[in-house]
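Coordinates in review
As a plain string of letters, each chain reads:
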Amino acid sequence: GPGQAAMYAGLQELGVANGEDLKETLTNCTEPLKAIEQFQTENGVLLPSLQSALPFLDLHGTPRLEFHQSVFDELREKLLERVSAIALEGKVEERYKKLEDLLEKSFSLVKMPSIQPVVMCVMKHLPKVPEKKLKLVMADKDLYKACAVEVKRQIWQDNQALFGDEVSPLLKQYILEKENILFSNDISVLHNFFSPSPKTRRQGEVVQKLTQMIGKNVKLYDMVLQFLRTLFLRTRNVHYCTLRAELLMSLHDLEISEICTVDPCHKFTWCLDACIREKFVDNKRARELQGFLDGVKKGQEQVLGDLSMILCDPFAINTLALSTIRHLQDLVGQDTLPRESPDLLLLLRMLSLGQGAWDMIDSQVFKEPKMEVELITKFLPMLMSFVVDDHTFNVDQKLPSEEKGPIPYPSTIPEAFTKFLQENRIACEIGLYYILHITKQRNKNAFLRLLPALVETFSDLAFSDIFLHLLTGNLTLLGDEFALEEFCTSLFDGFFLTACSRKENVHRHVLRLLLHLHHKVAPTKLESLQKALEPTKQSGEAVKELYNQLTEKLELRKPSPAEVTETPSMELPLPTVPTPASR
């Protein structure tokens with residue numbers, strides 16, 4: 001059949017008899033048995049010592065095919081070992097000459113399943129497989145599939161489209177994995193999007209596969225970076241920036257100097273990676289990072305495009321923003337102004353560069369964004385005054401109260417604060433991180449005071465997935481406040497619900513939060529939220545799915561009508577009166 005023909009494809013070109021030859025011999029002969037014996041002698045294993053042993057195997061009923069197969073398998077193993085050995089011995093030119101000759105002789109048998117592994121092994125060990133052979137492999141789907149990655153790299157480096165087809169599904173998978181973490185049903189302040197260390201993240205499947213596909217090939221590495229830049233421009237999705245840094249650091253882990261030494265971002269990324277690991281930029285590393293930025297020479301400004309993409313990675317932004325908040329608190333203690341702190345100014349410079357990545361790569365104008373003076377002279381001092389307000393309030397609480405009664409917590413926010421959050425990207429980013437910070441400290445007063453400023457922010461940053469993911473996590477620390485109608489109204493009606501109908505992702509994050517905290521929410525409020533959050537016809541699957549989960553949970557909580565009526569009024573809990581000691 002045609003299957004048989006494929007199995008022995010190419011034997012005739014090498015002057016080796018196959019089934020067709022035997023058929024021909026038998027059709028044209030007078031004594032078939034003699035002819036078969038002669039064919040066996042001519043085409044069998046040519047070892048004198050075997051001539052007497054074969055009849056012995058026949059007596060034991062071992063078919064000749066089985067015998068030949070086992071001899072063949074044994075020889076193939078030896079040949080594979082030999083090929084791998086040739087690839088390592090002797091002078092470079094000589095060994096490759098041997099392998100090329102071997103490839104020339106064996107390539108016509110590449111379709112024979114039994115011989116294919118040997119041919120593939122020879123190609124794998126050749127640093128440059130002849131162009132003609134690569135074209136033949138590329139033209140045949142099955143051969144291409146069977147190739148070692150070493151051979152595929154040689155094909156890919158001159159076929160960007162084909163390489164793109166291989167890389168594209170991996171990039172899609174990567175973005176999907178990131179989004180699944182951001183929308184995960186596990187809400188926790190301890191385990192969030194930013195918890196895994198850089199080293200752990202680099203062990204992820206996609207990063208490992210891409211690292212493997214690139215090997216030491218600078219051309220392929222450049223192609224992947226080009227894909228990431230293009231996709232980042234097309235989608236504005238910052239996870240591509242994370243992958244850009246992870247890929248470089250994964251090659252760094254493997255000590256692939258062929259690539260690391262030619263990527264001008266290598267040392268900067270390596271230093272920043274250490275900061276991300278600590279979630280803080282210390283003074284020594286700050287100096288180092290500043291050295292790299294100051295060292296960008298005339299004529300090399302294009303490297304700023306790459307550095308900005310590395311700094312636009314959410315893990316980098318997170319580290320820079322957390323460090324900024326920490327610096328501001330220190331400055332309050334030292335009675336120092338932001339403009340007098342070089343460390344703080346450097347953090348802002350890197351935040352600006354990261355936040356400006358898209359514009360820089362899009363416009364191809366490679367210069368550092370101008371820092372707005374007001375950010376340093378007005379906005380940051382305003383944040384510091386909020387920190388001071390908290391200290392003052394806390395101290396006031398501890399002082400014995402005179403006739404004047406307790407001092408209320410400041411409830412208004414300066415109009416300038418709201419304006420900064422709307423108009424200045426860096427101010428907005430830092431403002432959001434300050435709000436995350438006070439939420440994590442369980443500072444309900446400060447949270448409710450600043451919350452109204454989040455309804456309208458620069459390009460809706462307060463409704464971005466990363467911020468909402470972190471906010472929902474931190475809000476679990478204020479769980480008990482959800483029993484208060486006033487708190488819920490501020491948080492849900494005043495913030496979340498203002499965007500739910502126009503932003504699917506916000507709808508999802510609110511449902512995630514309620515799935516986690518529904519048992520803490522004031523019952524009347526829960527009922528109205530359930531109505532407000534009902535999916536519409538336009539809602540996506542994820543929203544419907546979450547809403548159904550929430551509905552199920554709430555159904556389980558409802559007491560049955562019988563229980564409600566039977567509760568005797570006597571057993572209602574007495575209102576708790578605060579004793580003087582608990583004050």
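Higher on the page you've got the structure.
Residues numbered from 1 in each chain as written. Predicted model: local features only at pLDDT ≥ 70, side-chain atom pairs only at ≥ 80, totals over all residues. Heavy atoms only, no water.

1. A word on the overall build of the protein
Counting its secondary structure elements, the protein contains 32 helices and zero strands. The burial tally for the protein puts 43% of its 583 residues in the buried class. With an accessible surface of roughly 32,300 Å², the protein has 56% of that area assigned to carbon and sulfur atoms. (Helix = DSSP H or I, 4+ residues; strand = E, 2+ residues; numbered from the N terminus. Buried < 20%, exposed > 50% of the residue type's maximum accessible area, 1.4 Å probe, protein only. Areas by Shrake-Rupley, 256 points an atom, 1.4 Å probe, with all protein chains shown as cover.)

2. Some details on helix α10 (residues 149-156)
Of all eight residues in α10, seven are buried, a share of seventy percent or more. Along α10, the positions that sit buried rather than exposed are V149, V151, K152, R153, Q154, I155 and W156.

3. Looking at the pattern of salt bridges
Applying the stated criterion across every chain, the model contains 25 salt bridges. A salt bridge links K178 to E246, with the shortest nitrogen-to-oxygen separation between them at 4.0 Å. Taken as a pair, K178 in helix α11 (residues 160-182) and E246 in helix α15 (residues 239-253) lie far apart in primary sequence, 68 residues in all. The salt bridge partner of D480 is K520, with a shortest N-O separation of 3.1 Å. In this pair, D480 is assigned in the loop between α27 (465-475) and α28 (485-500) and K520 in the loop between α29 (504-517) and α30 (523-532), connecting sequence segments 40 residues apart. According to the relative accessible area criterion, K520 is partly exposed, its value standing at 31%. (Salt bridge = Lys/Arg side-chain N within 4 Å of Asp/Glu carboxyl O.)

4. Considering the packing of aromatic side chains
One pass over the full model with this rule turns up 17 aromatic pairs. Arranged with centres 5.0 Å apart and planes meeting at 85 degrees, the rings of F194 and F315 form a pair that is edge-to-face. With a gap of 121 residues between them, F194 in the loop between α11 and α12 (198-202) and F315 in helix α20 (residues 314-334) connect regions that are remote in the sequence. Each member of the aromatic cluster is reached from another via a ring pair, and the members are F447, F463, F482, F487, F492, F495 and F496. The ring of F280 has R326 lying over it, and the distance from NZ or CZ to the ring centre is 3.8 Å. (Phe/Tyr/Trp six-rings, centres within 6.5 Å; stacked < 30°, edge-to-face > 60°. Lys NZ or Arg CZ within 6 Å of the ring centre and 35° of its normal.)

5. Some thoughts on the side chain of R153
Topologically, R153 is positioned in helix α10. Buried R153, no salt bridge; nearest opposite-charge side chain is E150, N-O distance 5.0 Å. Within the local environment of R153, its side chain forms a polar contact with the backbone oxygen of Q212, the two atoms lying 2.7 Å apart. When sequence neighbours within four positions are dropped, the list of residues in contact with R153 reads Q212, M213, I214, G215, N217 and L220. (Lys, Arg positive; Asp, Glu negative; His and termini not counted. Polar contact = N/O pair within 3.5 Å; in protein donor to acceptor, adjacent residues only side chain to side chain. Contact = heavy atoms within 4.5 Å.)

6. Focus on unusual backbone geometry
Not every positive phi belongs to a glycine, and R236 is a case in point at roughly 60 degrees. Note that R236 resides in the loop between α14 (218-235) and α15. A positive phi angle is found at Q364, which is not glycine, with a value near 60 degrees. Summarising the element assignment, Q364 is placed in the loop between α22 (357-363) and α23 (373-398). Residue classification places Q364 among the partly exposed residues on the basis of a relative accessible area of 46%.

7. Quick look at the packing of helix α17 (residues 266-278) against α20
Two numbers describe a pair of packed helices, the interaxial angle and the distance between the axes. Look at α17 against α20: their axes get within 9 Å of each other, and the N-to-C directions meet at 65 degrees. Note that α17 runs across α20; the crossing there is left-handed. Contacts from L272, C275 and I276 in α17 reach F315, A316 and T319 in α20. A breakdown of the residues in the contact of α17 with α20 according to their chemical character gives five nonpolar, one polar and no charged. (Axes fitted to C-alpha atoms, helices over the stretch in contact; angles between N-to-C directions. Left-handed = near helix turned anticlockwise from the far one by under 90°. Nonpolar A, V, L, I, M, F, W, Y, C, P; charged D, E, K, R; others polar.)

8. Topic: the environment of L344
Counting through the fold element by element, L344 comes out in helix α21 (residues 342-355). Residues L344 and A286, 58 residues apart in the sequence, show an inter-C-alpha distance of 9.7 Å. Setting aside its immediate chain neighbours within four residues, L344 contacts T324, H327, L328, L331, P338 and L380.

9. Here we look at α21
Note that an α-helix has 3.6 residues per turn; residues three or four places apart therefore point the same way. The terminal C-alpha atoms of α21 lie 20 Å apart, and with 14 residues this matches the ideal 20 Å at 1.5 Å per residue to within 8%. Listed in full, the buried residues belonging to α21 are D343, L344, L346, L347, L348, R349, M350, L351, S352, L353, G354 and Q355. (Expected span 1.5 Å × (residues − 1).)

10. Considering the side chain of D313
Here D313 is to be found in the loop between α19 (303-312) and α20. For D313, which is buried and forms no salt bridge, the nearest opposite charge comes from R201, at a distance of 4.8 Å.

11. Focus: the environment of L210
Summarising the element assignment, L210 is placed in helix α13 (residues 205-214). A relative accessible area of 1% means that L210 is categorised as buried.

12. Concerning the environment of R508
Relative to the helices and strands, R508 is located in helix α29. The class for R508 is partly exposed, based on a relative accessible area of 23%. Put simply, R508 and G540 are 32 residues apart on the chain and 9.7 Å apart in space, counted from C-alpha to C-alpha. Setting aside its immediate chain neighbours within four residues, R508 contacts F183, A542, V543 and L546.

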